[in-house]
Amino acid sequence: MRQRFSKLWALAAGLAIVQAVVHAAWVFPLWQKNFAPKQGSYEGLTSDQMLFAFAGFRELIAGILWVRADTFFDEGNFDAILPIIYLVTRLDPHQIDVYDTGMWHIAYNFTDEGSRSDRRYVPSAVALGIEGANNNPSTYELFYGTGWLYFHKIEDDYAEAVKWFEQAMTKNDVVTARRNILNNAYQRNGQVDKAVEYMFKVLEDSEAAVKADKEYAARQNRDTIENNLDNLLVRMAQRGEFARASGHYDGWDYDTKPPFDVGFSARVTVVEPKVIQVEGTWNVLPVGTRVRIVLRDSDYPDALPAELTWNQGTAIKLDPPKGLTFMQDQLFVKNQRFSREIDMSRDPNMYPFTKQKYLVEFYYNPRQAPAYIQDKFGWNGEGMTDKNFLNTQIRPGARVVYTTMELTREQLLRTGEWKEKVPIQQTKNFAGFGSKQLDDNVIKVPGILSEPGH
Amino acid sequence: MNVILAIAKTTLGEAIRRRVLLVILLVGVLFVAIAPALEALSPRQELTVLRSLTLGVIQLTSAVIAVVLTVYLIPNEIERRTIYTILSKPVRRWQFMIGKYLGAVGALGLMMALMTGIMLLVFVVMGKSKDVSDLAMLAKVPIAFFIQMSLLAAVSVFFSTFASPIVNFFLSGGVYLVGTMFDSFFNVLTKETQPLIVKIPATIVHVIIPNFQSFNVQNSVINPTQVIQNETMLYVGLSVYAVTYISILMILGIIVFEYREV
Amino acid sequence: MSLAIETKDLVKSYKSKSGTINVVDKLNLQVEPGEIFGFLGPNGAGKTTTIKILLGVIYQTSGDAYVLGKEAGDIEIHKQISYLPEKPYYYEHMTGFEIMQFYASLFGIHDKDKCKSLLDRVNLGNDMNRPISQYSKGMQQRVGLAQSLLNDPQLLFLDEPTGGLDPIAHIEIRDLILQFRDEGKTVFISSHELSDVERICDRVAIINKGEVVAQGRLEELLVGGRIEITANNCTDATASSLRDDDTLVSMNHGRVIVDIPDSHSPNEVVKTIQGAGGEIVSVIPRRKRLEDLFLEAVTVDNRAKGRTIGTMTGKDDGTEADEVTA
């Protein structure tokens, strides 16, 4: 006996509409809001990894991959680690260690033969940090890590460092010992008042901690914070910060007065193809000055004076931009001069030199200077000047030294008309080292050691 | 109703004695039990990996059991000719099918309860849970899985009314995979930039396929960072959704089965 | 009282690559209430298919089928019939008693004593708490019979009830079936075990290729036995003279065997042989057996339709093919 099932068909159709509505209007939105994995992109996985990931083993796969990455670290196979970091963070966006290690790895570990790191990667490290922080908003770690990138690796854009550290400090799990970093970041960003205000608050918290917990660690912590705050206040007094605030700066003597002329000059010689000799003068006697030098394509995308736009959005690139050249190094000043050979001939991937025109930038920002130099120059360079190259534009709020030179591809590669001739670019005031000795193994301090020959 | 219950009870009794299912179950239980040994894979994330792994094993094992259990549900009856002794009694085909399905779901529930129990035991014995509420949070996830697997079982019971067991195994497995992954693709396929010829079919598939992804609530337990709102509403919603969808599959299955010559 | 089973021009056809195959072809059956009806035919004749249609498990392509006066497949008549499939396997994890309880619950019967007494009746009372997996084939078949009696059916369908059983089990089953008739039940037996059927059936239908080729009371169908006359010292000429349309003669080294229908008188044959110097050894009257009838009916049918014996024919369900050996 065959039957017709028109009623059943109708019922099924009706229920089909019900299920669609229940899912679209009720279940799916709730799930997506509260239960969906934050990331959960599967691109780049092999099919078996993908199957496992779908089967609910995302975190396990991530863990296994990360253990694998560890062996690559041991072998020094850094290139193999990048894709793993990428995959792991895609599979399990809560692997804080992987984000943290990954950022550090991308920013620091890709270097040329002379241990200069490949700055073209840094935007990817920043992007990874931002992504990690967004995916793990309940822990301070990745906010701290991203701030640290700006503070320590980029050594510029201190406002960004402050922004990230400030967020890190709002998290419940922040370690007390790490709170001082925001103090330093405020200072480097020129926000000394903020630093004081912040340190007083930290001190207050540590006093409370001592009351609650009489353990040695709490007291030691409190003492360290007190010390740091004392130092800060003494330096502010020495550098005339209080006087400036109260309008007495011009009337009295301070270490930062009058501004000291650093007497910068420089010469770049292309001694061999892709090898440059950089020399110059810097009139500061104490050791500890590092002048930044950048050599890059003159049309490098997103380039800023003596740096890049480090935050380039969320794209994490596993390969650096092909065909672009960006070299950044530091020139150490000893005996009031610097001299350094920079060899870019052995790393064609990092320094492809495909463009016609190149820009050489020299840059010094007193915000990065050690405290004993800042005692003279001030936090923002108010105690520093340079007759030729003082610049108050490129870093708002700071007085920096900045100048540029140009080189062509033919000059750098010593081809064409420069095959036999030695290309030399120099600042107008470069006059050689004069009486200054070339032996950097001995640091001369006038009045302490006798001059040679005596 | 008595008829359905009698068939369900017999089906359950038979299912929990099926050797292949017991082997799968044993593998699942073993994995759950040894899961703590694998936490070395992820220092500092031990708890995350342990939760993820045990829940993952329970889910995967349950899915395999759900499909293997149900693909043979009706074909076996036909092969053994027991279906004739049953259908020649005053039993309607829909009663037979629903009884078989309920029995299978019951067996599945028992097996999943066993695995969940072992998981909780592991957490207690290894000292991985802070308190009872921690365990309760963990135990809630398999409930969502159970609803999910009941839906999966209905899918494969539906297919079993016209497909052979092997074909059914892959069909059901495929539906499960697509139903689990589709959301990942859905967002890409329905982007503004996609042409309508991609968008429309993607939307239709999204509406039609049983959405298994929404039952995967383990993420909130594996990474308990955010405050979950409306959890009860989600579970209620999932149940309503599953019951509706299972009803559709049963109705379609009954229609096919009524026409089928067994 | 209406017929227990009646089919009118029942057709069941399957489509295959080579065209449409009629597994049941214009089948007309009438089964009286209270009789044991034998439904006979070679493998692939359509027996099981017919039973499945009568049970409503599959559907006819055309024609009508009535069971207990109602259209086949009506769920109401299922309360009054029961079916024992050919070589069934039961849920092996259950004991005989559990199986009985399960089937009883399908009728809404929750009477443990009834289950037990039925098992006693099929002589399984002592084994009812053992799992089915430990039962012999005969025991399983008896469980099947017991469960088929749960609803005290008016009509029983037994598909090859003695298939694959040893001789003692045969007898046990046969006795049970005879008891059913005494209780006034109608029994519909499909079988190719002719000796069993012959001993118990009131009426039979023989089907071949889905069609009834003979139907009626056994006594009527089996009229017309034969007489076998054996003699020695005969010549070929004598043997040849005896041959005619109804007489079969075989000759071997002077020994002749003459087979004549019992409508003929053996006297003439005896006289002819003796007259030619032959020596009569024996004159044995032989009743017609169901086997003869079956062979005759099927062979005549096949010949009439131009089929050759031993060709490949479809199985009951029309799927595979089996060698027909009948």
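Provided above is the structure to which this section pertains.
The following paragraphs examine the structure supplied in this document. Since the structure is predicted, the reported quantities are computational estimates derived from the model, not experimental observations.

Attention now moves to the pairing of strand 3 (residues 36–40) of chain C. Residue and element names in this part refer to chain C. Burial of strand 3 is extensive: five of the five residues sit out of reach of the surface. The side-chain alternation of strand 3 yields two buried faces, one formed by Ile-36, Gly-38 and Leu-40 and the other by Phe-37 and Phe-39. As judged from the five bridges shared by strand 3 and strand 8 (residues 186–191), these two strands associate in the parallel manner. Counterpart to Gly-38 in the pairing with strand 8 is Ile-189. As judged from the four bridges shared by strand 3 and strand 9 (residues 203–208), these two strands associate in the parallel manner. Within strand 9, the position partnered with Phe-37 by the bridge is Arg-203.

A few words now on the sheet that holds strand 4 (residues 62–67) of chain C. Residues and elements named next belong to chain C. The sheet built from four strands is open, its strands ordered 2-1-4-5 with antiparallel pairing. Looking at strand neighbours, the two that pair on one side only are strand 2 (19–31) and strand 5 (70–71), the edges of this open sheet. Summarising the sheet, strand 1 (residues 5–16) and strand 2 pair through nine bridges and their orientation is antiparallel. The residue of strand 2 that forms the bridge with Ser-13 is Asn-22. With respect to the sheet, helix 1 (residues 47–55) is in contact with strand 1, strand 2 and strand 4, its orientation differing from that of strand 1 by roughly 115 degrees.

Let's shift gears to the nonpolar core. Phe-157 and Phe-188 of chain C are the most contacted members of the largest nonpolar core, which has 169 residues in total. The element that contributes the greatest number of residues to this core is helix 7 (residues 132–160) of chain B, accounting for 15 residues. Of all hydrophobic cores here, the second largest spans 70 residues; its members include Val-98, Ala-168, Val-196 and Tyr-300 of chain A.

The final tally for this structure, using the stated rule, is 32 aromatic pairs over all chains. Residues Phe-5 of chain A and Tyr-259 of chain B carry aromatic rings whose centres are separated by 5.4 Å and whose planes lie at 80 degrees to one another, so their mutual orientation is edge-to-face. Linking Phe-5 of chain A in the segment before helix 1 (6–34) with Tyr-259 of chain B in helix 11 (residues 231–259), this pair reaches from one chain into another. Pairwise contacts between aromatic rings join Phe-264, Trp-282, Phe-338, Phe-362, Tyr-364, Phe-377 and Phe-389 of chain A into one cluster.

Our focus in this paragraph is the environment of Leu-178 of chain C. Residue and element names in this part refer to chain C. Along the chain, Leu-178 turns up in helix 5 (residues 167–182). By relative accessible area, Leu-178 is classed as partly exposed at 25%. C-alpha of Leu-178 to C-alpha of Ile-200: the two residues are 22 residues apart in sequence and 6.7 Å apart in space. Those residues in contact with Leu-178 that sit more than four places away from it in its chain are Ile-36 and Ile-200.

Reading the values: the criteria
- Counting from 1, residues in each chain are numbered in the order their sequence is written.
- Lettering for chains starts from A, numbering for ligands starts from 1, and both go in the order in which the items are written.
- Whole-chain, interface and lining totals are the exception, using all residues; otherwise, since this is a predicted model, local features are given only for residues with pLDDT of at least 70 and side-chain atom pairs are given and counted only at 80 or more.
- Only heavy atoms go into the side-chain values, all of them from the structure, while hydrogens and water stay out.
- Summary of the burial criterion: residues with accessible area below 20% of their type's maximum are buried, those above 50% are exposed, and those between are partly exposed, where the area comes from a 1.4 Å probe applied to protein chains only.
- A run of H or I in DSSP becomes a helix once it reaches four residues, and a run of E becomes a strand once it reaches two; helices and strands are each numbered from the N terminus.
- Pairs of strands are assigned from DSSP output, requiring at least two bridges between the strands.
- Contacts are assigned to residue pairs that have any heavy atoms within 4.5 Å of one another.
- In this analysis an axis means a line fitted to C-alpha atoms, helices contributing only their contacting stretch, and an angle means the value between N-to-C directions, from 0 to 180 degrees.
- Throughout, nonpolar core names a set of buried Ala, Val, Leu, Ile, Met, Phe, Trp, Tyr and Cys residues whose side chains join them through atoms within 4.5 Å.
- Two rings from Phe, Tyr or Trp (for Trp, the six-membered ring) form a pair when their centres are within 6.5 Å of each other. A pair whose planes differ by under 30 degrees is stacked, one over 60 is edge-to-face, and the rest are tilted.

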